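Remarks on the overall topology
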Amino acid sequence: MLRPSYSALLLFLLPALIVLILVAAINAFSLTEFSRVQENSQQNVKKIVEELRQTIGFIESVGQQYNLLNQLLEQTHEGALSHAEAYRIHSHMVDELAETEQNLNELRQHLDSLHLANLDLNHWQKSFINFKNFTLMASDIVAIDPQTSKNYIQSAQTEYFKFVYQSNLLSNTLSEYTDTTMQHASQRTQKALNSIYYLGFAGFVLAFVIALFSASRLTRYLQIILSSLHELANMKQEVPRLEAVDRMIRQTNGELRLLGESVLKFKESLLLNQEEEQRVFRLAFFDELTGLPNIQMLNKDLEGELEKARRKALKGVLIKLNINRFKVFNNALGYSFGDEILADFAKRLRQFSDYDCKCYRGSADEFFILIHPTVIPHDQKKMLLDTLSAKIQGLVAEPFKIKQESFSLTCNLGLVTFPDSSHDSAQDIIRNAMIALHKSKEFGSGQNVIYQAELSQQVSDYFALEKDLEKAIEENALEFYLQSQIHPYDGIARAEALIRWKHPTRGWVAPDLFIPLAEQSNLIIAIDKWMLSQVCAFLVEQKRHDKIFRISINLSGHHLLHPGFVDNLETIFNQTGVDPQQLTLEVTENIFLSDYEAVINKMQRLKQLGVHFSIDDFGTGYSSLSYLKRLPVDEIKIDRSFIQNITHKQEDLTLVKAMFELADTFGLNVVVEGVETKEQEIILQQLGTPIIQGYLYARPIPHQMWLDTHPSA
């Protein structure tokens, strides 16, 4: 936590402190000067008083000399003094007057230094000199000639009175000078005190003004900090720039600068958080590969569009697209090629600008187009949706070119309008579009289906059927039928195992209905394992009765690609004790597009156990001589679609002939399914020695019934 120190206060109070220090220094100087002036004034007054005291003392000394002279005259007149005593007194007076005169000279020097105006010291000093001379002459002859001495004393008295008069003038002048000096000293003292007061008040006012200015600066900076924090705390989208804080940092130091830098660091952290939030938002609501919003964003947008459509009685459209055969491109040409297909497909969809719409990326090869709610008359809805579908199909049909490869794509569409009811949610609309899309796939590639409520019922029925199928597997309620395969010369009885399901309420459910359902729900693996277990147990049981058969079983591609596929089969083999050589596992060509090397490795492991392999529906999937050369297969099985028209279509005959030649080249047996007429059989036998499977010889029947038709093998 940032702790303030004295430097932050000094930053703003320093000017006021400097002024206060200057004022204090001036006041200290003024006080010193005041003390000096007062001390000088006191010394002057003391000097003047001392001069006045000396003057008074001098006057008293002169008065004593005068009194002594009168006493000398009286004693002489009374005859009380002898000549010797009179001379002694005269000598004493000479000394006293000499000393007094010396004091007078010193006093005169002191008084001259005062430069007193209207003061005649010469007359005052002359009066004393005359007094001294007359006094000395009087005392010198007082014993010899008293009368003359008396005359001198009278003259001395006259001069004394003049001296006293001059001394009184001098005393008055000194007193006045003292009063004037003290008055001037008092005025100077008062002036000095006033200066100190004025300087102190001015310094206080100046310091107060500077403190106010500093406080205003501090307040302004704090307001910048607080307003910046307020802006950061209440920002909506964009982080504020805080230029005022930048300027404050350049103008300040210490803690304020650190505080500003802390605010900017907080801003930077918000920027980073905002960037991170935007990144997380894009990851959460946008597809990184195509740049389109994803299914989560579709949910958010669709909720808003639903509310808008309900409020304004409008109709919106959601279209779900699925690229056909995308897995073929992805597996054959690589994932990076598939990614480029998706990116280019997204660019193509962005060109769909005839309507106010927005495109989204779903999962894998699925996309969405959301047509924003508008006015759609009920009688024009189908025409509008057909127009939309045609434009999208036309947009997709234009050739794509990626990495020098030019190819065309098709897509299936599922379309749904919204809202259909007051309780529809975004999830309901997306689900309905998905239902329509899946329904379109039942009609083939490049088809469009508009959602109807009946489709949801079908989905519900499929779901219920799926649960019933799962229950049937658990309760061993499935059955397997056998359809014979007629070999031209091998004596071992052959058949293909076909699964059948009799529903407790629906009756017999067609394999074309529940097998695709099982493929979608991964129940197909459980069905594969059930069928393998049943067939293996059947073969083992018949082998105990010296009946050897070879049974073909269809394997799901999902199961073959499952990591535990080989382990599952080995477990069944071990549990039943079957001879794997009695089994032929049929796989389709498209399985080799998923993980070719892994599939080969699994087939080779089972091949080592004695299992035979057949390529089912040969010619309908991804045919390649290179994979056919490497695969550990024993036979190919020609699909019934090539046999139906073999008697009257040369193209089909040519294809079948090529398949026979290819099988002969690789030393493979040929199984032909769907043979229903003798004419078809004759043509096939002209091409080679095929194993015949079809209604010409046998229909699929329960395995126990089939066994009854093959009492021995």
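Thresholds applied
- Residues numbered from 1 in each chain as written.
- Predicted model: local features only at pLDDT ≥ 70, side-chain atom pairs only at ≥ 80, totals over all residues.
- Heavy atoms only, no water.
- Helix = DSSP H or I, 4+ residues; strand = E, 2+ residues; numbered from the N terminus.
- Buried < 20%, exposed > 50% of the residue type's maximum accessible area, 1.4 Å probe, protein only.
- Contact = heavy atoms within 4.5 Å.
- Areas by Shrake-Rupley, 256 points an atom, 1.4 Å probe, with all protein chains shown as cover.
- Axes fitted to C-alpha atoms, helices over the stretch in contact; angles between N-to-C directions.
- Parallel < 35°, antiparallel > 145°, perpendicular 65-115°, else oblique.
- Nonpolar A, V, L, I, M, F, W, Y, C, P; charged D, E, K, R; others polar.
- Salt bridge = Lys/Arg side-chain N within 4 Å of Asp/Glu carboxyl O.
- pLDDT = per-residue confidence, 0-100.
- Pairing = 2+ DSSP bridges.

Okay, the overall build of the protein next. When helices and strands are tallied, the protein shows 21 helices and 17 strands. Buried residues in the protein amount to 43% of all 713 residues. Across the protein, every contact between residues at least 6 apart in sequence was considered, and the portion connecting residues at least 24 apart equals 71%. A total of about 38,600 Å² of accessible surface is found on the protein, and carbon and sulfur atoms cover 53% of it.

Contact geometry of helix α12 (residues 453–474) with helix α13 (residues 511–521) gives a least axis separation of 10 Å together with a crossing angle of 85 degrees. Regarding the angle of α12 to α13, the classification is roughly perpendicular. Taking contact as the criterion, the partners of Tyr462, Leu465, Glu466 and Leu469 in α12 are, on α13, Leu513, Phe514, Leu517, Ala518 and Ser521. In terms of residue class, the contact of α12 with α13 is made up of seven nonpolar, one polar and one charged.

Opposite charge on two side chains lets them pair, provided their charged atoms get close. In the structure shown here, the tally under the stated rule is 19 salt bridges. Its salt-bridge partner being Lys320, residue Glu366 comes within 3.2 Å of it at the nearest N-O pair. In this pair, Glu366 sits in strand β3 (residues 366–374) while Lys320 sits in strand β1 (residues 315–323), placing the two residues 46 residues apart along the sequence. Residue Glu366 shares its accessibility class with Lys320, and that shared class is buried. For Asp634, the salt bridge goes to Lys607, with nearest N and O atoms at 2.5 Å. Within this pair, whereas Asp634 is found in the loop between α18 (625–630) and β14 (635–638), its partner Lys607 is found in helix α17 (residues 596–609), the two being separated by 27 residues in sequence. Residue classification places Lys607 among the partly exposed positions, given a relative accessible area of 29%.

Confidence in the prediction of the protein, expressed as mean pLDDT, is 84, and 89% of residues score 70 or more. Here residues 1–6 is modelled with pLDDT under 50, and outside its nearest four sequence neighbours on either side it reaches six contacts, counting other chains as well.

Moving on: the sheet that holds β1. One open sheet holds the five strands; their spatial order is β2-β3-β1-β6-β7, and the pairing between them is mixed. Every other strand in the sheet has two partners, leaving β2 (357–361) and β7 (448–450) as the edge strands with one partner each. The mean inter-strand angle of the sheet, taken between neighbouring strand axes irrespective of direction, is 15 degrees. Relative to β3, β2 runs antiparallel, the two sharing five bridges. When the sheet's bridge partners are listed, Arg361 is paired in β3 with Phe367. This element, helix α7 (residues 295–312), spans β1, β2, β3 and β6 (411–418) of the sheet and lies at about 20 degrees to β3.

With that settled, consider the side chain of Thr417. Structurally, Thr417 is set in strand β6. The buried category is assigned to Thr417, whose relative accessible area is 8%. When neighbours within four sequence positions are excluded, Thr417 is seen to be in contact with Gly316, Val317, Lys381 and Leu385.

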